Amino acid sequence: MNTRKSMPQTDGFHDGADELVLRIDGRQALSAEWIGAVSAACDSAEDRGGRSKVVVHVSGAPEEPWAGNPTVSLVSKWERALRRLERLPAATVAVAADDCGGLALDALLATDYRIATHSVRLRLPAGEGGTWPGMALYRLGRHGASGSVIRRALLFGTPVEASEALALHLVDELSDDPARTLALARERLATVSGTELAIRRQLMLDASTTGFEEALGAHLAACDRTLRRAAVAAGGAAS
């Protein structure tokens, strides 16, 4: 039973029957409404127990370096909402178009599978004194700060072009028909359990910072869980 309080639907979030949809406009300033939209999507995904995918449509980049001059408290709430999105017990798929910066870039980098048009450009907002030092910088830095393209993006705000983003695995596919590519991605993910995906995602993320002996227990526990689920499924099929 859903025990959460009802969340108001915002312009950024749509709770559909089969999937949850977020639409994030990177031109807009960070606000409580955008935090609420991401949090509402996370609430719904968690309430559904990983049975629904989350599709995040992102585009747009701020015209001003620090759009809206947000408070640190607001930024902290936004980053925590994105962390929830990043760790959801559900598959998350992003579709990016044109310039993509600010809120749009933040959300894009927090998803599992990323589809982009050939016109996409990833832009870290930059103003007097440097680029915006939010967690998009952290995620890009972890991905490959030693690469010249990412280094220029982080230090100078140089846009990452679509072909560069694909080569650096910042996006998974470039498409002239993102709607069709998204439909194919839905088919591939149809049999993926969100809760099991979340476990594997965490094991993958921990691999770069966890030693073998420390990681072994978590992997064995995941293997045991998988075998138990398979046994239950086989028993149900036999009956």
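Residues numbered from 1 in each chain as written. Predicted model: local features only at pLDDT ≥ 70, side-chain atom pairs only at ≥ 80, totals over all residues. Heavy atoms only, no water.

Student: Let's hear about the environment of Ile 35: which residues, and what values?
Tutor: By the secondary structure assignment, Ile 35 is in helix α1 (residues 32–47). Sequence-wise, Ile 35 and Glu 79 are 44 residues apart; in three dimensions their C-alpha atoms are separated by 8.9 Å. Among all residues touching Ile 35, those that are not within four sequence positions of it are Leu 30, Leu 74, Lys 77, Trp 78 and Ala 81. (Helix = DSSP H or I, 4+ residues; strand = E, 2+ residues; numbered from the N terminus. Contact = heavy atoms within 4.5 Å.)

Student: Break down the pattern of salt bridges for me, with residues and values.
Tutor: Considering all chains together, one arrives at 14 salt bridges under this definition. Measuring nitrogen to oxygen at the nearest pair gives 2.9 Å for the salt bridge that ties Asp 99 to Arg 123. A residue pair is termed long-range when its members are at least 10 positions apart, and Asp 99 in strand β4 (residues 92–101) and Arg 123 in strand β6 (residues 121–123) qualify at 24 residues. Via salt bridges that share partners, Asp 99, Arg 121, Arg 123 and Glu 161 belong to a single interconnected network. (Salt bridge = Lys/Arg side-chain N within 4 Å of Asp/Glu carboxyl O.)

Student: Describe in detail the side chain of Lys 53, supporting the description with residues and values.
Tutor: By the element assignment, Lys 53 lies in strand β3 (residues 53–60). The side chain of Lys 53 is buried and forms no salt bridge, while Glu 19, the nearest opposite charge, is found at 5.0 Å. Setting aside anything within four residues of it in sequence, one finds Lys 53 in contact with Asp 18, Glu 19, Leu 20, Ala 91, Arg 186 and Leu 189. (Buried < 20%, exposed > 50% of the residue type's maximum accessible area, 1.4 Å probe, protein only. Lys, Arg positive; Asp, Glu negative; His and termini not counted.)

Student: An account of the pairing of strand β2 (residues 19–25) is requested, with residue identities and associated values reported.
Tutor: Within β2, six of the seven residues are buried, which leaves it mostly tucked inside the rest of the structure. Where strand β1 (residues 13–15) and β2 come together, three bridges link them in antiparallel fashion. Bridged to Phe 13 within β2 is Leu 22. Bridging between β2 and β3 involves seven bridges; their strand directions are parallel. Bridging across to β3, Ile 24 finds its partner in Val 58. Viewed along the sheet, the connection from β2 through α1 into β3 turns out right-handed. (Pairing = 2+ DSSP bridges. Right-handed = clockwise from strand over helix to strand, strands pointing away.)

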